Every structure is written in C-alpha cells, then in structure tokens.
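What follows is the residue order along each chain.
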Amino acid sequence: MRSGIFFCQVEENNRLNINAVAKYAANLPSVEVVREMGIHPRLDAKDLAKQIQADNLQRIVIAGDMPGYFKPVFAKAMALAGHDPLEVRLASFREHGASAAPTLERAKAIVACAVFGVPFALAVMPAETTVHQTTLIIGGGIAGIQAALEIADAGKPVCLVERFGTIGGHMAMFDKTFPTLDCAACILTPKMVSILQHEMIRLLTNSEVIAVSGSPGSYRVQIKCRARLVDVEACVACNMCSEICPVEVPSEFDAGIARRKAIYIPFPQAVPNAYLVDREHCLYVQSAGKKCGACAKKCPKECINLDQKDDFIEMEVGNIIIATGYDVLSAEDIKQYGYGMFPNVLTALEFERLTNASGPTGGKIVTKSLRLNKRSKKEEWVFDPHGEAPKNVAIIHCVGSRDQNFNSYCSRVCCMYSLKFAHLVKEKLPDANCYEFYIDMRAFGKGYEEFFERIRQEGTFVIRGRSATVSQENEKMVVTGEDIIRDKLIQFPVDMVLLAVGLIPARGTEELSRMLGLTRDEDGWFSELDYNGNPTDTERGCVFVAGMCQSPKDIPDAVAQASAVAAGVLRSISSGRGIGHRGSVTLSDIEARAKSLQAK
Amino acid sequence: MAIRVNPKIIDDLAVYGAEDVQLCYHCGNCSAVCPHADEFNVFPRKPMRNLQMGLEKKLERSLEPWLCYYCGQCSEQCPRGAEPGETMMSLRRWLTSRYDVTGLSRLFYRSWKAEMIAILVLALLTGVAFFLFGMLRGDIHVYSGPGAFLPSSAVHLFDWSMAGVLAALLFVNSLHMWRLVFGSKDGPKPNLFMYLKHLPQLPWHFLTQNRFRTCQERNGLWLIHLLLVASYLTMLVLIMFFLPTMQSGPEIRWTVHTFGYAASIGLIGATIFMLHGRLKKTRTQFQHSHKSDWLFLIMLVYVALTGVLQHIAHRAGFPVAANLVYIMHMMGVVPMLVLEVPFSKWSHLAYRPLAMYLAAVQRDALLGRSSQGGEILAPRRIA
Ligand SMILES: Cc1cc2nc3c(=O)[nH]c(=O)nc-3n(C[C@H](O)[C@H](O)[C@H](O)COP(=O)(O)OP(=O)(O)OC[C@H]3O[C@@H](n4cnc5c(N)ncnc54)[C@H](O)[C@@H]3O)c2cc1C
Ligand code: HEM
Ligand code: SF4
Ligand code: SF4
Ligand code: SF4
Ligand code: SF4
C-alpha cells in the first residue's frame, strides 16, 4: 500500500530529532513520500488532495506530538482525492511516550507501527517473566494503605514502607473531608489499624527504600529501618518519656503550629501506636551519649534503647507500588501574601490542624496570641485555646498554582478544601465574615458543585478575583483584590488569611525515580504509562503508581487509583507472569512483530 | 446602543508591541497590585479584557493607559506572563496613533521602513537646505559673527517657526484626544467649572511628573526622567531665547553656557542610562523594546552628542568642522522633533499631563451625574 508520512508538530520538542525519524521512515517498505511540515503547519485540504493524487497515496500517516489535531484536514483531502479517508493513520509521539527515554528509538517504532497499520501497544508487548508473590508499597498515605489492604485481603503478602513515624499520610491531619464533610479519622483510623493487624502485611515505619535491583517480577530491594530507639511492641504510649524530655521542636504532624518533644508520638491514634525518638534533636544522640538520657530512665516499661542502631533489611518482591504522595510548596517563597511576616497568615495544612479537634486548640478557630517563650526569653506568636476568634477570614485560592512564576498546573484539590474551610469557619464562628477569593471554581466531582452552592448559601462571600496582596495597615492585616464580577477594587481588613498553597511531589521523589529508573513529567510527578488507557502502570514492568504521587487528586480518586493498582498487581501475581519493561523491547523487535501482525 | 466589536484589535495591537494579551485569564492580580488603579479606573485587567473582547471604541475613549506610569509590578506578578504592563505601554502607542489626525503616526508605528524613510528624507532635506543656505549667504570658514555660515538670527527664526508648527500639530492632536474621551453621547459631561477647577493639574504634572514618583520606590526611574525633562526644558529655553549668545564666541559665556553644560550632561547621562537599561534589560520596564523606544532614545542621544561636538569644535577654533557638525546636528534635530513630538513617543509630554487633567475632570463629572455620589466613592469595601 503506497503510504505518505507527514510530520506535523503542535509544539516545539527539543528532545526529539524529527529529521532523524523522517530519514528512518523514508526507508520503511511501501513509503513513497515523507514530508516535514513543521510546527502548526497551515494545511489546505485541496492542496493536500492534489499531492495525494499526484503521488497516488493509499495511506497517510500523520506523525507528531498530537497528530489527531491534523486528522480532519487529511481525511478530507483523502476523500477529495477519491481515496479511503479511513486510511489516515496516526503516529502519536505523546500518547505512546516518545517523550520518555530513549526518545528517538521510540518515535521510530511508533511511526513504523502506523505504517504497518498495527496498534503500537500490540507490537510493543514485552516478554513475560515469572513473578514473586510479595508486593512492596512505598508510602503509607491513604493510597498506600488502600492498595495494601486490597492486596493483603486477596491473600498476598505486602510490605508497606513508610518514612514517617506513623502511617496515614496527609489525610490523618484532616478533620473533615469534602464534599461530604465526613469525619476523616472515622474513615482512616480503622484502615490504619487493619494494616497493623493484618497477617499478610509487614509494616515498616520510620523506614526508607535505599536500593532496588533486579527485573520485573523479581526485584531485590534494600530497606533502611531507621532506629526508633523505642521498642514498638513494648511501648504502651504512657507519655512519661515525653513529659521529661527537655527538647521542644515544631511538630511535623501539626504542620508546625504546635510543638512536640524529641521523644514523641506524632498523634494519639498513630499506627504503630508507639513513641519514637527524633535523633536529629535528641541531646543524648547528638552528644554521643554524653548528655541527658532522661527518658530511658523514666520509662516504666524500660523499652527505650537510646543506643539502638539502624537496621537494614533486604527482600525480594515481585511488584512495587509507589504511593509517596505530595508536599506543599513553601509559602514563604510567595512574597505577596506575607506568609512568615504576619502571624495570622496560615497555610491550608496549618488551618487543617488548627480546626482539628486533636490540634493545639482542640479545634477552636482562634488567632495567634503573643507569648513569652521561657527558654529563649523571646516573645512568640502561638496558638492558644483561649485566643481571640477572628471576625474576618480571607481564603485565597491558587497560591503558587496556575502561576507561571511557581507551578503552572492546577493543584486540583484546593478549590474544594477552601470551600470546606469556609464551611468550617462559618460552622464554628457563625458571626465571622468569610471571604473566598478564587480565579475559577474547580468543582468538578460528584456533589462538588452542590457543595459550592451550599457554601454560598451559608453566607460566605465568594469573590471572583485572586487577591493580590496581604499587607499591614495600623496593626491590621489588609487584603487587596479586584472583584471582577462587580468590577471593583476591594480592600478590607481581616484577622486571618488562609492560603490554598499549591502541591508539589513529595521530597525524595527524584531520588526514588532514579533508583527505580522511572520517568517523571515536567512538573515532577511520576509518569504513568498512558494517561488515558494505562494510568496506573509505568514504563518499568511491575512498578505501579497510586495516589497523589502521579498527579494531584483528591481522596476518592486516590483510593480508586489505589484499588486499580491492586488489581494490576493481583493480575500479575495470579497469572504468575509479570510483564517486562516496555523500554526493553528493541526497535528491530517491534518492526519484526509489526510485520508479522500485519501479515495476519 | 449597538456595540461595535473589532475582533482583530488584538492582532493589530501586537504590531504596537503587546503580544501576550491572549494569555490573560482575568485573575485581577494586576489591577489589585497597581499603585495607580482606583475606584474609577480599574486597570490594567479591564483594558486586557476590552482587548480580548475587541471593544475598540471603549479603548479609544479610555484614559487608563496614560494613568499607568509603567512601574512594572503588574507584569512581575502576573501568573500567566500576559505582560499587562507592556500591554498598557502598547496601548499608549496605539492611542498616540489614534489621536493623530494626520494618520502619519499610525503609518510610522506600523511600518519601520516608512519611519526610516521619513527620517532620512527629512535629514537630507534639512542637510541640503542648510548647506545651500550657508553657501549662498555666508562663509564656511566663519562660525559666528558677521559673515557666519549659519547666522544665529536665521537659525533662530527657523527654530521659532518649527516650534510653532509642531505645537499647533500637538495641540490639534490633543484636542482630538479630548474629543475621543468626552465625545460619546452616553459618557460623562463635565461643566465649565470642573474644567477650570483642575486646570493647575496641567503644569503641575508637566513639570513634576509627580505620579511617576509613586512608582519610584520600586525603580528610581522618576528621578532620571525628571533629570531628562529638566535638561531638555533648559535646552529649550536656551535655544529659544539665548541662541545668539550661545553661538557667539569662541570664548565661553559662563552665564549661559553653565546651564548648557549641565543640561547636556543631564541629557546624555539620562538617555545613556535608559539605552543601557534597554540593552541589558535591567528592569521590568526595559524587558520589551518596541522600535519606537529605540528610535526615540537614539535620536535624543545623537542630537545631544552632535550638539556637544559642534560646541567643542567651535571653541577649539575649527570653524569649518563646527559648521559641518552643526548641519549634522540639525539633520538630527529636525527629524527628531517633527516625528517624535506630534506623531510618536515624545507626544507623551502633552498627553500624559492632559490625561491626568481629564481624568480629574471626568471623575468630577461622574460624581456629579450619579444620584448617590457616595456609592461610587466607597466601593473599596464589600459586603
Ligand atoms: C489542606 C488540604 C486539605 C485536603 N482536604 C481534602 C478533603 O477534604 N477531601 C479530599 O478528598 N482530599 C483532600 N485533600 C487531598 C488529600 O490530602 C490527598 O488526596 C490524599 O492525601 C492523597 O493521599 P496519598 O496517599 O496519595 O498521599 P499522602 O497523604 O501524601 O501520603 C503519602 C505518604 O507517603 C510517605 N512517603 C513519602 N515519600 C516517601 C518515601 N520516599 N518513602 C517512604 N514513604 C514516603 C509520606 O510520609 C506519606 O505518609 C486535601 C489536601 C490538602 C493539602
Ligand atoms: C520634555 C519632556 C519629556 C521628555 C524629554 C521625556 C522623555 C522620556 C523618555 C526618553 C522616556 C523613555 C524612557 C525609556 O526608554 O524607558 C520617557 C518615559 C516616560 N515619561 Fe517622559 N518625557 C517628557 C515628559 C514627560 C511628562 C510631562 C510626563 C508625565 C507627566 C512623562 C512621563 C513619562 C513616563 C511615565 C514614562 C515611562 C513610561 C513610558 O515610557 O510611557 N514624561 N520619557
Ligand atoms: S534522651 Fe533525647 S529523647 Fe530522651 S529525654 Fe533526653 S533529649 Fe529527650
Ligand atoms: S484547585 Fe482551585 S485553588 Fe487549587 S490550583 Fe486549581 S483552581 Fe486554584
Ligand atoms: S495578572 Fe495577568 S492574568 Fe491576571 S488579570 Fe492581570 S494580566 Fe490577566
Ligand atoms: S505598570 Fe504599574 S502603573 Fe502600569 S498598570 Fe502595571 S502596575 Fe499599574
């Protein structure tokens, strides 16, 4: 079949040498014409039809980053030329991952498959391998937990590795979840406890994966279990050690708005429910045993061993699930909102902890009070349950998101959690005014638009327009913005500002991607194999992504994706055969397979 | 009232320098951060919107581009890189071409070639005319005094007539600006008292460029610009009233020349500072340079430098060189004034003070028209 290949790009792509692909394509059998049309070519169906007739082309292959964009013109041209418009084939670099390494070979293979008229996915099926039964899950947030329970409930062994002292991830920090306003702990805590009690799950907290080798179906992983210095089995969480410990630092779990000791439990319902020592701040550890040691003497169970050493575990696993979640952009970098300068400008996570019944104020929404720090003799702004309630609260959307100076992408959950915040403020402080500044309200899920409506009904002022600055005038914080719908500049004093700060991949994501040989997209999130058709697999065989680490998403989506991943893992285990890396199939293999498939 | 929409206006404005208007997604950050936006003039987002919607007439009537003094804050914070500051700058160029009744401004802003040809033709005409005039009447070996190649009295007469023509052109264009702003049927109608009351605004803004100062905490450009304006005005006074003394010599007349030296230093220093800034893109305001920005600065610095050279040649006792450089100087002065003052960037010396004045009048008219005057004054507070 006489074929013509047209290279049409939508965007510049410096990583891919189109010319090299074109040269390769010219040598494929039955290819008569190869044309490089450049970026966003102006195409005219009549001109194209003339060319098609002149060269008598029976099949057109459009190759490029988004060839579907140009398909209508070519189909029309084929029809005008009196040829079959169905013979316009697409060679889509983006869809089939030619942005990933090794780009050039992949692009050639994609074009070859289109010329042979064979779906790329079929020709690129890697060789099958046998699979080890155990699954490694990295990250114990809601996504990791969900996947672990699904797989373990199916009777397969799981090892869950969590970096922090407890599992639960970010969801454990929340009081309510949108849009149902369910109690987050009521959903999460039972799941966390099941993890600990499940006979098929081995839980390693305070641990990190440090090396991965092997191939799909049988990976060898090395895990570093950082010494907890407290015996998890024996500790009864009596808090006596913590009471005596002289060191105080900001609590990570409380997003820094409360303090904890150097020996601590992240929160009362932590799993495992045992204390641990923060070795970076413990006087005993830092002085190599010369100072302190008070907690060890105090512990009634004698379960504190301040000289415990790190443990290294090696194990063989068949599948690996990455569920490392996210972190929050540093709000200090976004100067215009005065975070770090004004005490009552809070990040979303800080507010989650403030409004949480297990937070430092027992869930009361108050502004910070000035307190003398006895140790440092300095005055500090702290949250105190008896503090003053704010009368005016401003919530600012898209802080560091959809902004080319920070993250150009939308963080997807902040519109909805900001509405949730407005509800919480109105619920707890009915007399307070709440102002919500948004650019576009992204209420895309089931029940979300209705939730938005409900918040408006509750009396929150929803203002279209991103507030530009938070400044201080006469001891009062002032927010300034443009109300785009009412066409006015607005400026008014507020007592508290909540910033819906953008989300970024969890720290350590880059190292992990290098260790596992995974690609990440330009924003740093792990790349899935195919955004539409294969959103949980990766280029590496038997390595999956679940939850926020693949892209911003809310809890329902994270849970759904985690369950989907579990299905993929179980598929690979129960068939007894994993699937190798896509990248491992060579160009000549793909060509040969495409040819043989075409023959059929 | 039917609203006429010109969907091409965005493409049209790209020629004047604004290329990223489409990127704007109307977050309002720019208007909120702008030190000059107020309850009557919410910009630069609104003009961005009007551009996207093709509301040409609305833009034509708008004073907002002139109320922007290009501090650059809006562009720095714009989350989309839509360059609102540069859009306002481009709107000023566009408005300049709209105010101009001859249509030449439009031609020059849109066609680099036309502008260059105009400059060259004017320069050549000036050069030839001055040379022939000198050859006919005087002696190229004499710079000043009797028999001078270019006697100061003749040059003086020429200067005054040119000033008259240019002032008249600028005045007509300014009048057109006023008509556009207040001409529409449904717009505010100020009364005479309002016009009189705000009249002092004109000299005040012309002489001090006071509003520029508000941007100053961020960029210090106001002082440089003030230096430039002061130097230029000093030169103007010297040339218009003291030309015979300026051209006498060869000994130096300190009473007059001291001012001349100071003004030259100011002119050259400030323009070189601006040129350097644009070359190195040192500030937000200097990130984008339209050809008209370059041309204005280059001509300013050329004129100042040839003026200085001519002075040196004369005082050092080289009358022939002095006369020739004088002609070269005039070959810069004439095209610069003829092109820049009524048709291009320099026209801002009239439009900016005028816009501040008209905006004040407009505000009064709006307040007077509204039945509840207070409502317009207080909207910075919601709820
Ligand atoms: C302020 C705020 C409010 C929100 N409110 C809601 C809401 O009301 N409803 C809703 O549906 N969604 C909400 N979300 C979104 C929700 O937080 C996420 O959808 C969800 O937490 C994603 O879960 P995850 O397991 O993918 O990630 P995470 O919760 O981030 O869990 C990742 C876990 O992996 C661990 N980890 C990271 N790196 C490593 C590593 N290298 N090795 C080992 N462990 C590692 C982390 O310690 C963490 O425990 C909110 C988000 C924010 C920021
Ligand atoms: C003799 C009079 C004047 C001269 C020679 C002059 C010269 C200049 C020059 C050379 C620039 C460009 C700087 C650059 O390249 O960035 C400039 C910009 C500017 N001028 Fe003037 N100016 C004069 C009068 C005025 C007056 C009267 C005002 C205000 C009332 C004014 C306000 C401004 C402002 C705000 C800018 C920066 C923004 C812009 O370029 O539009 N100028 N001026
Ligand atoms: S030994 Fe370390 S953890 Fe224990 S009380 Fe002292 S400082 Fe705290
Ligand atoms: S979810 Fe809403 S607040 Fe968050 S980045 Fe997207 S649009 Fe902005
Ligand atoms: S800041 Fe930028 S995107 Fe936002 S309204 Fe202004 S120009 Fe548009
Ligand atoms: S450049 Fe400055 S003055 Fe001009 S619109 Fe932007 S913020 Fe306002």
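Residues numbered from 1 in each chain as written. Chains lettered and ligands numbered in written order. Predicted model: local features only at pLDDT ≥ 70, side-chain atom pairs only at ≥ 80, totals over all residues. Heavy atoms only, no water.

## Brief notes about the overall build of chain A
Which entries qualify depends on this criterion: A run of H or I in DSSP becomes a helix once it reaches four residues, and a run of E becomes a strand once it reaches two; helices and strands are each numbered from the N terminus. Every residue pair with non-hydrogen atoms within 4.5 Å of one another is taken to be in contact. Accessible surface is estimated by sampling points in the Shrake-Rupley manner with a 1.4 Å probe; for residues, cover comes only from the protein chains shown.
Tallying secondary structure elements over chain A gives 16 helices and 32 strands in all. In terms of principal-axis extent, the alpha carbons of chain A reach across some 90 × 65 × 40 Å. Expressed as a percentage of contacts within chain A between residues at least 6 apart in sequence, the contacts between residues at least 24 apart total 69%. Carbon together with sulfur atoms contributes 50% to the accessible area of chain A, which is approximately 26,000 Å² in total.

## Quick word on the site of ligand 6
How we decide: Consider each residue's heavy atoms; a residue with any of them within 4 Å of a molecule or strand counts as near. As a working rule, the residues Ala, Val, Leu, Ile, Met, Phe, Trp, Tyr, Cys and Pro are called nonpolar, Asp, Glu, Lys and Arg charged, and the rest polar, with Gly in that last group.
Taken together, Cys34, Pro35, His36, Phe43, Pro44, Cys68, Tyr69, Tyr70, Cys71, Gly72 and Cys74 of chain B form the complete shell of residues around ligand 6. Its residues placed into classes, the shell around ligand 6 shows nine nonpolar, two polar and no charged.

## A closer look at the coordination of the iron atom of ligand 2
Residues and elements named next belong to chain B. Rules: In this listing, donors mean N, O and S atoms no farther than 2.8 Å from the metal, or 3.2 Å for Na, K and Ca; water is missing from the atoms, so a site can look incomplete. Here a site with four donors is tetrahedral if all angles are between 85 and 135 degrees, and a site with four or six donors is square planar or octahedral if opposite donors are over 155 degrees apart and the other angles are between 65 and 115; anything else gets the irregular label. Accessibility here uses a 1.4 Å probe with only protein chains present; expressed as a share of the type maximum, an area under 20% marks a residue as buried, one over 50% as exposed, and anything in between as partly exposed.
Of the protein atoms, only His225 (NE2) and His348 (NE2) coordinate the iron atom of ligand 2, at distances of 1.9 to 2.0 Å. In this structure, the iron atom of ligand 2 is surrounded by six donor atoms whose angles at the metal cover 86 to 180°, and the resulting shape is octahedral. Here His225 is found in helix α14 (residues 221–247), whereas its partner His348 is found in helix α18 (residues 348–369), with 123 residues between them in sequence. Since its relative accessible area comes to 19%, His348 is described here as buried.

## Some remarks on the state of the cysteines
Residue and element names in this part refer to chain A. This is how the line gets drawn: Note on terminology: pairs of cysteine sulfur atoms within 2.5 Å are recorded as disulfides.
Using the criterion set out here, one finds one disulfide over all chains in the structure. In this model, Cys183 is linked to Cys186 through a disulfide, with the two sulfur atoms separated by 2.2 Å. Between Cys183 and Cys186, the disulfide has an S-S torsion of 90° and is therefore right-handed. Cysteine Cys113 is unpaired, with the sulfur of Cys8 as its nearest cysteine sulfur at 19 Å. The buried category is assigned to Cys113, whose relative accessible area is 1%.

## With respect to the sheet that holds strand β28 (residues 488–494) of chain A
Residue and element names in this part refer to chain A. To keep things clear, this is the line we draw: Strand pairing is assigned whenever DSSP identifies at least 2 bridges connecting the two strands. Angular values range over 0 to 180 degrees, each being the angle between N-to-C directions of two axes fitted as lines to C-alpha atoms, with helices fitted over their stretch in contact.
One open sheet accounts for three strands, arranged β26-β27-β28; its pairing is antiparallel. In this open sheet, the two strands that pair with only one neighbour each are β26 (469–473) and β28. Strand-to-strand, the axes of this sheet are offset by a mean angle of 30°, without reference to chain direction. With seven bridges joining them, strand β27 (residues 476–483) and β28 adopt antiparallel strand pairing. Counterpart to Gly481 in the pairing with β28 is Ile490.

## Focus: the domain arrangement of chain A
Residue and element names in this part refer to chain A. Which entries qualify depends on this criterion: Just so you know, the domain bounds were taken from an automatic or database domain assignment. Buried area counts how much accessible surface, traced with a 1.4 Å probe, disappears from two parts once they are put together, with both parts' losses summed. Salt bridge, as applied in this entry: a Lys or Arg side-chain nitrogen positioned within 4 Å of an Asp or Glu carboxyl oxygen. N or O atoms within 3.5 Å of each other form a polar contact, as long as, within protein, one can give a hydrogen and the other can take it, and as long as residues adjacent in sequence are counted only when both atoms are side-chain atoms.
Under the domain assignment, chain A is made up of domain 1 (3–125 + 585–599), domain 2 (135–226 + 310–325 + 506–582), domain 3 (240–298) and domain 4 (327–504). The C-alpha centroid of domain 4 is placed 31 Å from the C-alpha centroid of domain 3. Carbon and sulfur atoms supply 62% of the area buried between domain 3 and domain 4, which totals about 710 Å² over both sides. Considering only the side of domain 3, the residues that lose the most area to domain 4 are Asp254, Ala255 and Ile257, jointly responsible for 61% of the buried surface there. For the pair domain 3 and domain 4, the interface holds one salt bridge. Between Asp254 and Arg353 there is a salt bridge whose closest N-O contact spans 2.7 Å. Summed over the shared surface of domain 3 and domain 4, the number is one residue pair in polar contact (both at pLDDT 80 or more). Of the residues in the side of domain 3 that touches domain 4, the class split is five nonpolar, no polar and one charged.

## A look at the sheet that holds strand β24 (residues 433–438) of chain A
All names here are of chain A. Overall, parallel pairing links the five strands, which are arranged β20-β29-β23-β24-β25 in an open sheet. The sheet terminates laterally at β20 (345–347) and β25 (461–464), the two strands that pair on one side only. Across the sheet, the axes of successive neighbouring strands diverge by a mean angle of 20°, strand direction being ignored. With three bridges connecting them, β20 and strand β29 (residues 496–501) associate as parallel partners. Note that in β29 the partner of Thr347 across the bridge is Leu499. Helix α12 (residues 414–428) contacts β23 (392–399), β24 and β29 of the sheet and is inclined by roughly 175° relative to β23.

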